[in-house]
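Coordinate analysis (summary)
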Amino acid sequence: MSKRVCFIRQAVYPHELSHRREVETVLRAGYETHVICLAAEGEIREQARTEVINGVQIHRLPLQRKKSSVARYLMDYLAFLTLAAFKVTALHLRRPFRVIQVNTMPDFLVFATLLPKLLGAKIILVMHEPVPELWQTLRGSPPPRLLVLAEQLALAYADAVFTVTEQLKQVYVARGAAADKISVILNAPEPGILAEASAEAIRTKSENHFTLICHGAIEERYGHGTMLEAMLRARQRLPNLRLHILGRGSYLEEFLAKKKSLGLDDCVHCLGYVPLAQMVQELRSADVGIVAQEASPYSHLVHTNKMYDYLAFGKPVIASRLNSVSAYFDDDSLAYFTPGDPEDLARVIVELAQCSERRQRLVNNSQRLYARYHWKRQQEVYLSVYRRLAGDD
């Protein structure tokens, strides 16, 4: 069996930086690397079904995700599961894979690998999000037992599991998963990817403005409404304050309407989805990054990618105080505020804007911690699991 691996992810490659980080890390380790993924939006017919990107062989399925009802989600998940199962099996029968990595959601996507697993492939499952807690957060009701069952079956089926915090690992273990099968890999970005984009970015910092930034999915649970309310309060003391929002999501229209109704169009700028080089330029130009997740059963277990992006660019970070975040970063490294409290967030914004010394202390302290959490450290654990499963130890 050759050194071949395959990644399965119901997303568009290489748009997700965390997924690209894993794929390119394995490629650099000497494995022939394949990715099974979705077609880009609006490009099902035009986009090549197979292509090679930076040495990675991409296999796009003629599907796209259409976020709407639970029934639509389920239909999209099942369609991708079915086509991914056929594709990975066909590729495996042609030339076997040593390892197949499946990134959730959904948790049951891992079962697309059933035939390759029976034929000898080792299966890695990446659990970035706890589906039962996400259901509880979005729906405000206890999750169906079927979601917990699907989670535990997926964890039992996989040969190895990665997740994003020790807190989330302990929840999986408490529900019945084997602790020795699960490794924690933090969401630190791959520096080479950011360096590549930084080469195209030009720093355009305006000395006349104090700029906050928040990038990623625009969802109510990520605190975008709280940020607007805080901006309304903070701008009264900081007329040069600006907030740049990058991304899109289900809360976008409501966010834009609220921004307009609060009279914040002149100081809150929503740039939408931007190319990586432009995102890097915005990150480099900002003064402070904001992570404003609401407190929930879900948010107390995870870390956001954006928090690590700010740290990678040496920015001070304002963050809602959540269990999983405060377990890794103390009060000297992040500027915490009470989740969902715009008054407290406004207070922290004003304090940081008016005290450059405090901003620098936060950066100095957070960088000492970030040195422990950097991808160079995380990839050692990540690749050790690959080598063990592939028989390369």
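Conventions adopted
- Residues numbered from 1 in each chain as written.
- Predicted model: local features only at pLDDT ≥ 70, side-chain atom pairs only at ≥ 80, totals over all residues.
- Heavy atoms only, no water.
- Axes fitted to C-alpha atoms, helices over the stretch in contact; angles between N-to-C directions.
- Helix = DSSP H or I, 4+ residues; strand = E, 2+ residues; numbered from the N terminus.
- Parallel < 35°, antiparallel > 145°, perpendicular 65-115°, else oblique.
- Contact = heavy atoms within 4.5 Å.
- Nonpolar A, V, L, I, M, F, W, Y, C, P; charged D, E, K, R; others polar.
- Buried < 20%, exposed > 50% of the residue type's maximum accessible area, 1.4 Å probe, protein only.
- Pairing = 2+ DSSP bridges.
- Right-handed = clockwise from strand over helix to strand, strands pointing away.

1. Description of the packing of helix H4 (residues 131-139) against helix H5 (residues 145-157)
Contact pair H4 / H5: the axes reach a minimum separation of 8 Å and the direction vectors enclose 155°. Between H4 and H5, the interaxial angle falls into the category roughly antiparallel. Of the residues in H5, those in contact with Val131, Pro132 and Trp135 of H4 are Leu147, Val148 and Glu151. For the contact of H4 with H5, the class distribution of residues is 5 nonpolar, no polar and 1 charged.

2. Structural notes on the pairing of strand E7 (residues 160-163)
Side chains of E7 alternate between two faces, with Ala160 and Phe162 and Val161 and Thr163 buried alike. Relative to E7, strand E6 (residues 122-127) is paired through 4 bridges, and the arrangement is parallel. Directly across from Val126, in E7, lies its bridge partner Phe162. When E7 meets strand E8 (residues 182-184), the two strands line up parallel, connected through 3 bridges. Within E8, the position partnered with Val161 by the bridge is Ile182. The parallel pair E7 and E8, bridged by helix H6 (residues 166-174), forms a crossover whose chirality is right-handed.

3. Considering the sheet that holds strand E14 (residues 335-337)
Here 6 strands make up an open sheet; going across it, the order is E11-E10-E9-E12-E13-E14 and the pairing parallel. Either end of the sheet is taken by a strand with one partner, and the two such strands are strand E11 (268-272) and E14. Ignoring which end each strand starts from, the neighbouring axes of this sheet average 25° apart. Here 2 bridges tie strand E9 (residues 210-215) to strand E12 (residues 288-291), and the two strands are oriented parallel to one another. Following the sheet pairing, Ile213 is matched in E12 by Gly289. Together, strand E10 (241-246) and E11 form the strand contacts of helix H9 (residues 252-261), whose direction differs from that of E11 by roughly 155°.

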